[in-house]
Amino acid sequence: MGYRLIITLTKNYRAGKRTYTKERIMEMAEVYYAAGRMNDDEFTEVVATINSLE
């Protein structure tokens, strides 16, 4: 669940629908990872995706 949500937020961010800042999306990803809602591979991909946002 957490993985899909974060990916959706990053897609919306790229599309100009910026309801959250990059920092807030990263915080959310870290919380989902810490809670066990994302595995290591998903978290690594999410971090790379967030870091590639402009």
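Before any of the text, the structure's been laid out above.
Residues numbered from 1 in each chain as written. Predicted model: local features only at pLDDT ≥ 70, side-chain atom pairs only at ≥ 80, totals over all residues. Heavy atoms only, no water.

Peer 1: Could you clarify how one ought to interpret helix H3 (residues 40-51) in this entry?
Peer 2: Because each turn of an α-helix spans 3.6 residues, side chains separated by three or four positions in sequence point in the same direction. Taking 1.5 Å as the rise per residue, H3 with twelve residues should run 16 Å; its terminal C-alpha atoms sit 16 Å apart, in good agreement. Burial in H3 covers these residues: Phe43, Val46, Thr49 and Ile50. Across the axial projection of H3, the buried residues extend over an arc of 125°, all falling on one side. Exposed residues pointing more than 90 degrees away from the buried face of H3 are listed as Asp41, Thr44 and Asn51. Sitting at the amino-terminal end of H3 is Asn39, which places a side-chain oxygen 3.1 Å from the backbone nitrogen of Asp41. (Helix = DSSP H or I, 4+ residues; strand = E, 2+ residues; numbered from the N terminus. Expected span 1.5 Å × (residues − 1). Buried < 20%, exposed > 50% of the residue type's maximum accessible area, 1.4 Å probe, protein only. Arc of directions from axis to C-beta. Polar contact = N/O pair within 3.5 Å; in protein donor to acceptor, adjacent residues only side chain to side chain.)

Peer 1: Any chance you could explain the pattern of salt bridges here in plain terms?
Peer 2: Between side chains of opposite charge, a pair can form when the charged atoms approach closely. Counted according to the given criterion, the structure contains one salt bridge. Across the pair Arg24 and Glu27 runs a salt bridge whose closest N-O atoms are separated by 3.6 Å. You can see Arg24 and its partner Glu27 sitting in helix H2 (residues 22-34), three residues apart, about one turn around the helix. (Salt bridge = Lys/Arg side-chain N within 4 Å of Asp/Glu carboxyl O.)

Peer 1: Got a minute to help me understand the environment of Glu23 in this structure?
Peer 2: Turning to its location among the elements, Glu23 is positioned in helix H2. Residue class for Glu23 comes out exposed when judged on its relative accessible area of 54%. Measuring from C-alpha to C-alpha, the distance between Glu23 and Arg4 comes to 18 Å, with 19 residues separating the pair along the chain.

Peer 1: Looking at this structure, how should I read the packing of helix H1 (residues 2-14) against H2?
Peer 2: The geometry of a pair of packed helices is captured by two quantities: the angle between their axes and the separation between those axes. For the pair H1 and H2, the least separation of the axes is 10 Å and the interaxial angle reads 170°. Accordingly, the angle class assigned to the pair H1 and H2 is roughly antiparallel. Within the contact between the two elements, H1 uses Gly2, Leu5, Ile6, Leu9, Thr10 and Tyr13 and H2 uses Lys22, Ile25, Met28, Ala29 and Tyr32. Residue composition of the contact of H1 with H2, by class: eight nonpolar, two polar and one charged. (Axes fitted to C-alpha atoms, helices over the stretch in contact; angles between N-to-C directions. Parallel < 35°, antiparallel > 145°, perpendicular 65-115°, else oblique. Contact = heavy atoms within 4.5 Å. Nonpolar A, V, L, I, M, F, W, Y, C, P; charged D, E, K, R; others polar.)

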